[in-house]
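A structural walkthrough
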Amino acid sequence: MDETERQSEERGWATAKTLAEALPYIQVYDRETVVIKYGGHAMGEVAVAKQFAADVVLLKLMGVNPVVVHGGGPQISAMLTKAGVKSNFVDGLRVTDSDTMAVAEMVLSGAVNKEIAHWISVAGKEADVRGVGLSGKDAGLLTVEKTTRTKKDPDSLIEHEVDLGFVGEPTNVDPKLIAGLIASETDDWVPVIAPIGVAKDGQTYNVNADTVAGAVAGALNAKRMLLLTDVKGVLNKDGDIIRQMTVAEAQALIDDGTASGGMIPKLQTAMAAVRAGVEAVVILDGRRPHAMLVELFTEYGAGTLVKA
């Protein structure tokens, strides 16, 4: 046996050992629902998108019911820039007028949503695992109301309302369509949901994808919700990753300033999802290959887990 053959054999034994070690965790998630929030700048990279899709297909074939909720902020910004429209943000939320709303829906429900669903179908072709592109407008999936925000004037210190335009907050998730897809006994569907919702008056709204993922996970009583981000997890004051925390401990990190910037809304989403019935939410780095697999099927996981 030459060196190449020896190395190949060693890799084979290592793979078998890894699979055997994963068995207890595979059983934990058998036929359980895992909602995955997929977003960030890496989402636009084809190689990363293909790897993500392949991991989602693997989850499905291992008995997990993955449900993907995606963002698309960078893609919306790029399209608005091409159109010569300047974006304004308040507390991380895009101020959305009617023209911006039209572009956001086109990008989210169209290009981004269908591309993710397509890559899942491509990755799962041999086993006939198929991605199904949806938005919150389909089958009454996501009902929303207009988001209200207030901002304090730095001089007068008076609170005043900020009009974000067509930005919404979920008020109800009807999981019937999603539940029907993932419960199919004859086909392997993976729902892929764009964060677009409709108010009771029929108006379409753009919704924060993290918030939608949390609402969907709660409605489905998901075993896990995975928030794929551009950071490795929640860090303590020394810059080290916190592997696990309770909802109360997460709130304390926000209150004492340890969590700041974009991590605050992610922790708030995680806490809301846990309160809504999700067993646990994990904040992890979606840029790392196979991060979802490491989190679900290994002892130490890959991010920060938030539980009740």
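All residue numbers here refer to positions counted from 1 along the written sequence of the relevant chain. The model is predicted, so local features are restricted to residues of pLDDT at least 70 and side-chain atom pairs to those at 80 or more, both for listing and for counting; the totals for chains, interfaces and linings are taken over all residues. Each side-chain value is worked out from all heavy atoms of the structure, with water and hydrogens disregarded.

1. Considering the pattern of salt bridges
Think of it this way: side chains of opposite charge can pair up when their charged atoms draw near. As a reminder, the rule being used: Counted as salt bridges are all cases of a side-chain nitrogen of Lys or Arg within 4 Å of a carboxyl oxygen of Asp or Glu. Secondary structure elements follow DSSP: runs of H or I of four or more residues count as helices, runs of E of two or more count as strands, with numbering from the N terminus. To sort residues, take the accessible area from a 1.4 Å probe on protein chains only and compare it with the maximum for the residue type: under 20% means buried, over 50% means exposed, and anything in between is partly exposed.
Under the criterion given, the structure shown has twelve salt bridges. A salt bridge links Arg6 to Glu3, with the nearest nitrogen and oxygen atoms 2.3 Å apart. Separated by three residues within a single helix, Arg6 and Glu3 lie in helix 1 (residues 3-28), roughly one turn from each other. The salt bridge partner of Lys266 is Asp210, with a shortest N-O separation of 2.9 Å. Taken together, the residues Lys266 in helix 8 (residues 263-275) and Asp210 in helix 6 (residues 209-219) connect sequence positions 56 residues apart. Neither Lys266 nor Asp210 differs from the other in exposure class; each is buried. Among the charged side chains, a network of salt bridges with common partners joins Glu3, Arg6 and Glu10.

2. Topic: the layout of surface pockets
Here is the rule we go by: Residues are called lining when one of their atoms sits within 4 Å of a cavity or pocket point, these points coming from a 1 Å grid over the protein atoms alone, where a cavity is a set in which a 1.4 Å probe fits but cannot get out and a pocket is an open set with protein on both sides within 12 Å along at least five of seven lines. Grid points are joined across faces, edges and corners, and a volume is the space filled by probe spheres set on the points. In the scheme used here, Gly and all other residues not listed as nonpolar or charged are polar, with Ala, Val, Leu, Ile, Met, Phe, Trp, Tyr, Cys and Pro taken as nonpolar and Asp, Glu, Lys and Arg as charged.
In this model, the largest pocket occupies a volume close to 1200 Å³. Lining the largest pocket are 46 residues, with Gly92, Leu93, Asn208, Ala209 and Asp210 positioned closest to its centre. Breaking the lining of the largest pocket down by element, the ones donating at least two residues are helix 3 (73-82), strand 4 (93-94), strand 9 (167-173), strand 12 (204-207), helix 6, strand 13 (224-229) and helix 8. No other element matches the seven residues that helix 8 contributes to the lining of the largest pocket. A breakdown of the residues in the lining of the largest pocket according to their chemical character gives 17 nonpolar, 21 polar and eight charged. Computed from the structure, the second largest pocket encloses a volume of approximately 300 Å³. Taken together, 14 residues line the second largest pocket, and the ones lying closest to its centre are Thr18, Ala22, Leu293, Phe297 and Thr298. Elements with a minimum of two residues in the lining of the second largest pocket: helix 1 and helix 9 (291-297). If one sorts the elements of the lining of the second largest pocket by residue count, helix 1 sits on top with six residues. Here the lining of the second largest pocket is built from residues that sort into eight nonpolar, four polar and two charged.

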